[in-house]
Amino acid sequence: MSLSVALSPAGLDAEAFDGRAVLVVDVLRASTTVVTALQNGARAVIPVADKGEAGRLAATLDRDVSVLGGERGGEKLAGFALGNSPREYTEAAVAGKTVVLTTTNGTAALVRARGAARLAMGALVNAGASAAFLHRALDDGLDAVVLCAGWEGRVSLEDALCAGLLVDRLIDHPSAPPLNDGARIAHGLYRGARDDLARALFGADHTRRLVALGAGDDVALCARLDASDVLPVYRDNRLV
Ligand code: 3SL
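Residues numbered from 1 in each chain as written. Predicted model: local features only at pLDDT ≥ 70, side-chain atom pairs only at ≥ 80, totals over all residues. Heavy atoms only, no water.

Novice: In this structure, what is going on with the pairing of strand 4 (residues 66-72)? I would like to understand it.
Specialist: Looking down a regular strand, the side chains alternate between one sheet face and the other. Buried residues dominate strand 4, accounting for six of its seven residues. Summarising the sheet, strand 4 and strand 6 (residues 98-102) pair through five bridges and their orientation is parallel. The residue bridging Leu 68 from the neighbouring strand is Val 100, located in strand 6. For strand 4 and strand 5 (residues 75-76), the ladder comprises two bridges, and the chain directions are antiparallel. Bridged to Arg 72 within strand 5 is Glu 75. From the end of strand 4 to the start of strand 5, which pair antiparallel, there are two residues, and Gly 73 there has a positive phi angle of about 60 degrees. (Buried < 20%, exposed > 50% of the residue type's maximum accessible area, 1.4 Å probe, protein only. Helix = DSSP H or I, 4+ residues; strand = E, 2+ residues; numbered from the N terminus. Pairing = 2+ DSSP bridges.)

This is the structure we're talking about:
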């Protein structure tokens, strides 16, 4: 039994997740968007890696009960009803609907890990529920992995900070799980920033990208620690 952090999905194939409990973290913004959609009554979110596939899948679903959302490079995709801002996933937009979602890194990381024994999505907004998911996995004798979505194969500060926070909440687990280097690095980063996590997030590369796209307000939304009890769990190709 161990607690690992993958600081980005680069170089990891499906076998890295076999038999493990995996939590995919994409603080800015896919995980936060999925939590928000489910919190606001979406029936499910279907994560899709490829934007063409997302469009084709949505076309097979009843328009009254489905909605197509996603981005590339942070910008809403042409022909999609919604982008990837949590602010768009209101009750009016998603209640009772199945959301088909494709994003640059978050949904791709999730699809990559879909062979895991248990799979869920985490962020700062649902940190408590995410820590409980990992805690249960360790209780049940599984290896627990926090998979940071990062940005195009690179490390993202916001995901590493969230991973470090989760390590901090699990470090006293009775099994004293061994940590990998990624978990040690993330934990050290978090300990240096925990007095003002929101401020640390505002220094992230992706915050600058979002500000440049006019989506800077989303960062404060994504920084709300423990704002939701929703844990999106992946089952039968969808998050519920
Ligand atoms: O990469 C992703 O999955 C997105 O969360 C990126 S963005 O915040 O929508 O730009």
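Structure's up, so let's keep going.
Novice: Help me understand the site of the ligand in this model?
Specialist: Near the ligand, the surroundings consist of 14 residues, among which Arg 29, Asn 84, Thr 103, Asn 105 and Gly 106 are the closest. With respect to the ligand, the backbone of Leu 28 contributes an N or O atom lying 3.4 Å from an oxygen atom. Within the backbone of Ala 30, one N or O atom sits 3.0 Å away from an oxygen atom of the ligand. Residue composition of the shell around the ligand, by class: four nonpolar, seven polar and three charged. The residues that make up the shell around the ligand include at least three from each of domain 1 (3-31 + 108-234) and domain 2 (47-104). (Near = heavy atom within 4 Å. Polar contact = N/O pair within 3.5 Å; in protein donor to acceptor, adjacent residues only side chain to side chain. Nonpolar A, V, L, I, M, F, W, Y, C, P; charged D, E, K, R; others polar. Domains from an automatic or database assignment.)

Novice: What exactly am I supposed to notice about the packing of helix 5 (residues 127-139) against helix 6 (residues 157-170) here?
Specialist: To describe two helices that pack against each other, one gives the angle between their axes and the distance between the axes. Where helix 5 meets helix 6, the axes come as close as 10 Å, and the angle between the chain directions of the two elements is 55 degrees. When the interaxial angle is binned, helix 5 and helix 6 end up oblique. In this structure, helix 5 crosses over helix 6, and the sense of that crossing is right-handed. Contacts between helix 5 and helix 6 involve Ala 127, Gly 128, Ser 130, Ala 131, Leu 134, His 135 and Leu 138 from the first element and Leu 165, Leu 166, Arg 169 and Leu 170 from the second. Per-class residue counts for the contact of helix 5 with helix 6 are seven nonpolar, three polar and one charged. (Axes fitted to C-alpha atoms, helices over the stretch in contact; angles between N-to-C directions. Parallel < 35°, antiparallel > 145°, perpendicular 65-115°, else oblique. Left-handed = near helix turned anticlockwise from the far one by under 90°. Contact = heavy atoms within 4.5 Å.)

Novice: Could you clarify how one ought to interpret the pairing of strand 3 (residues 44-47) in this entry?
Specialist: Neither face of strand 3 is exposed, since Ala 44 and Ile 46 on one face and Val 45 and Pro 47 on the opposite face are all buried. Pairing of strand 3 with strand 6 involves four bridges; the strand directions are parallel. Opposite Ala 44, over in strand 6, you have Thr 98 as the bridge partner.

Novice: Mind showing me how you'd approach the domain arrangement of the protein here?
Specialist: Size of an interface: often given as the accessible area lost when the parts come together. On domain assignment, one finds that the protein holds domain 1 (3-31 + 108-234) and domain 2 (47-104). Taking the mean C-alpha position of each, domain 1 and domain 2 sit 23 Å from one another. Each partner contributes to the interface: domain 1 provides 14 residues, whereas domain 2 provides twelve residues. Summing both partners gives a buried area of about 1,100 Å² for domain 1 against domain 2, and 63% of it is carried by carbon and sulfur. Inspection of the domain 1/domain 2 interface yields one salt bridge. At the boundary of domain 1 and domain 2, one finds three residue pairs in polar contact (both at pLDDT 80 or more). (Buried area = accessible area lost by both parts, 1.4 Å probe. Salt bridge = Lys/Arg side-chain N within 4 Å of Asp/Glu carboxyl O.)

Novice: I tried to follow the pattern of salt bridges on my own but got confused; where do I start?
Specialist: A side chain with one charge may pair with a side chain of the opposite charge, provided their charged atoms come close. For the structure on display, the rule yields eight salt bridges. When the shortest N-O distance is used, the salt bridge between Arg 20 and Asp 143 registers 3.5 Å. You can see Arg 20 sitting in the loop between strand 1 (3-6) and strand 2 (21-25) and its partner Asp 143 sitting in the loop between helix 5 and strand 8 (144-148), a full 123 residues away along the chain. A salt bridge links Arg 29 to Asp 218; the shortest N-O distance between them is 2.8 Å. On the criterion of sequence distance, the pair formed by Arg 29 in the loop between strand 2 and helix 1 (30-39) and Asp 218 in helix 10 (residues 217-222) is long-range, its members being 189 residues apart. Asp 218 shares its class with Arg 29; the two are buried. Linked through salt bridges whose partners overlap, the residues forming this network are Arg 29, Arg 87 and Asp 218.

Novice: Sorry, what's going on with helix 1 here?
Specialist: Side chains of residues three or four places apart in an α-helix project in the same direction, reflecting 3.6 residues per turn. For helix 1, the buried fraction is high: nine of the ten residues fall into the buried class. Among the residues making up helix 1, those that are buried are Ala 30, Ser 31, Thr 32, Thr 33, Val 34, Val 35, Thr 36, Ala 37 and Leu 38. Downstream of helix 1 by one or two residues, Gly 41 has phi in the positive range, about 100 degrees.

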